[in-house]
Amino acid sequence: RQGWNDHETIVVSGYWPCDAPLPGLWIKAVEFARARNAEILFEVDANAHSELFGAKVNPPVDAGRKNALEEFLTDTLLTPVNRGSKPTWAARGSCSVIDLFFASEYLARRLYDYLVHDDVVSFSDHRLVSVTTKATRPEYQKLRNLGKVD
């Protein structure tokens, strides 16, 4: 948890195994954030190949998994943050966008410069991904209460 301007923010990092249904903890995390009126950011290895995140159909798409992910995003009103189609994973001559970022709408509008770094050694078959945040202080406006003027 961390503050985002005046908004509490929940950050979820996770993994969705290939042979498992959508993690129930993801749904609980969204419910937890909503109950607290908090923003939420997911950074997950989803193993789901969806065009919403710039994935190409390589390797072949598991339509059920793709549909489960897209239904989860629709039901929870979460917004994809990934930009472009640069692969986040590469191994054994194959590559894809399987590392996904998605967030509540307020937070997603404040995330920019999504970048997949293929020039950084990550000691993994997953590439380093970064995103820049735009946190601004609210501007206070001085107002005069003309009802209190003599």
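Owing to the predicted nature of the structure, the values given are computational and were not obtained by experimental measurement.

Draft legend 1. Here's a closer look at the packing of aromatic side chains. Considering all chains together, one arrives at seven aromatic pairs under this definition. Taken together, a centroid distance of 4.9 Å and an interplanar angle of 20° make the contact between F42 and F102 stacked. In this pair, F42 is assigned in strand β3 (residues 39-45) and F102 in strand β7 (residues 99-104), connecting sequence segments 60 residues apart. As far as burial versus exposure is concerned, F42 and F102 are alike and both buried. Chaining the aromatic ring pairs together yields one cluster made of W16, W26, F42, F72 and F102.

Draft legend 2. Representation of the pairing of β3 in the model. Counting buried positions along β3 gives six out of seven residues, so the element sits mostly inside the fold. Bridge analysis of strand β2 (residues 7-15) against β3 gives seven bridges, and the strand direction is parallel. Its bridge partner lying in β3, T9 is registered against E39. Assessed by its sense of winding, the connection that carries the chain from β2 through helix α1 (residues 24-35) to β3 is right-handed. Bridge analysis of β3 against β7 gives five bridges, and the strand direction is antiparallel.

Draft legend 3. Spatial organisation of the side chain of E39. Here E39 is to be found in strand β3. Buried charge E39 goes without a salt bridge, the closest partner of opposite sign being R109 at 7.3 Å. One polar contact links E39 to S104, side chain to side chain, over a distance of 2.5 Å.

Draft legend 4. Layout of the pattern of salt bridges. Here the structure, examined in full by the defined rule, presents one salt bridge. Its salt-bridge partner being R36, residue E8 comes within 3.0 Å of it at the nearest N-O pair. In this pair, E8 is assigned in strand β2 and R36 in the loop between α1 and β3, connecting sequence segments 28 residues apart.

Draft legend 5. Molecular detail of the nonpolar core. Within the largest apolar cluster, 19 residues are counted, with the highest numbers of intra-cluster contacts made by W26, I40, F42, F72, L78 and F102. Within the residue set of this core, elements represented by two or more residues are β2, α1, β3, α2 (63-76) and β7. The element that contributes the greatest number of residues to this core is α1, accounting for four residues. Not counting residues up to four positions away in its chain, the partners in contact with W26 are W16, F42, V44, A46, F72 and F102.

Draft legend 6. A look at the environment of K134. Within the secondary structure, K134 sits in the segment after β9 (128-133). Classification of K134 as partly exposed rests on a relative accessible area of 47%. In sequence terms K134 and Y112 are 22 residues apart; their C-alpha atoms lie 7.5 Å from each other.

Draft legend 7. Representation of α2 in the model. Its 14 residues place the ends of α2 20 Å apart at the C-alpha level, agreeing with the 20 Å of an ideal helix rising 1.5 Å per residue. When we look at burial in α2, the residues that qualify are R65, K66, L69, E70, F72, L73 and T76. All buried residues of α2 lie within an arc of 150° about the axis, which places them on one face of the element. Set apart from the buried face of α2 by more than 90 degrees, the exposed residues are E71, T74 and D75. In this fold, the buried residues of α2 make contact with α1, β3, β4 (78-80) and β7. L77 sits one or two residues past α2 and shows a positive phi near 60°.

What counts, and where the lines are drawn
- Residues numbered from 1 in each chain as written.
- Predicted model: local features only at pLDDT ≥ 70, side-chain atom pairs only at ≥ 80, totals over all residues.
- Heavy atoms only, no water.
- Phe/Tyr/Trp six-rings, centres within 6.5 Å; stacked < 30°, edge-to-face > 60°.
- Helix = DSSP H or I, 4+ residues; strand = E, 2+ residues; numbered from the N terminus.
- Buried < 20%, exposed > 50% of the residue type's maximum accessible area, 1.4 Å probe, protein only.
- Pairing = 2+ DSSP bridges.
- Right-handed = clockwise from strand over helix to strand, strands pointing away.
- Lys, Arg positive; Asp, Glu negative; His and termini not counted.
- Salt bridge = Lys/Arg side-chain N within 4 Å of Asp/Glu carboxyl O.
- Polar contact = N/O pair within 3.5 Å; in protein donor to acceptor, adjacent residues only side chain to side chain.
- Core = buried A, V, L, I, M, F, W, Y, C linked by side-chain atoms within 4.5 Å.
- Contact = heavy atoms within 4.5 Å.
- Expected span 1.5 Å × (residues − 1).
- Arc of directions from axis to C-beta.

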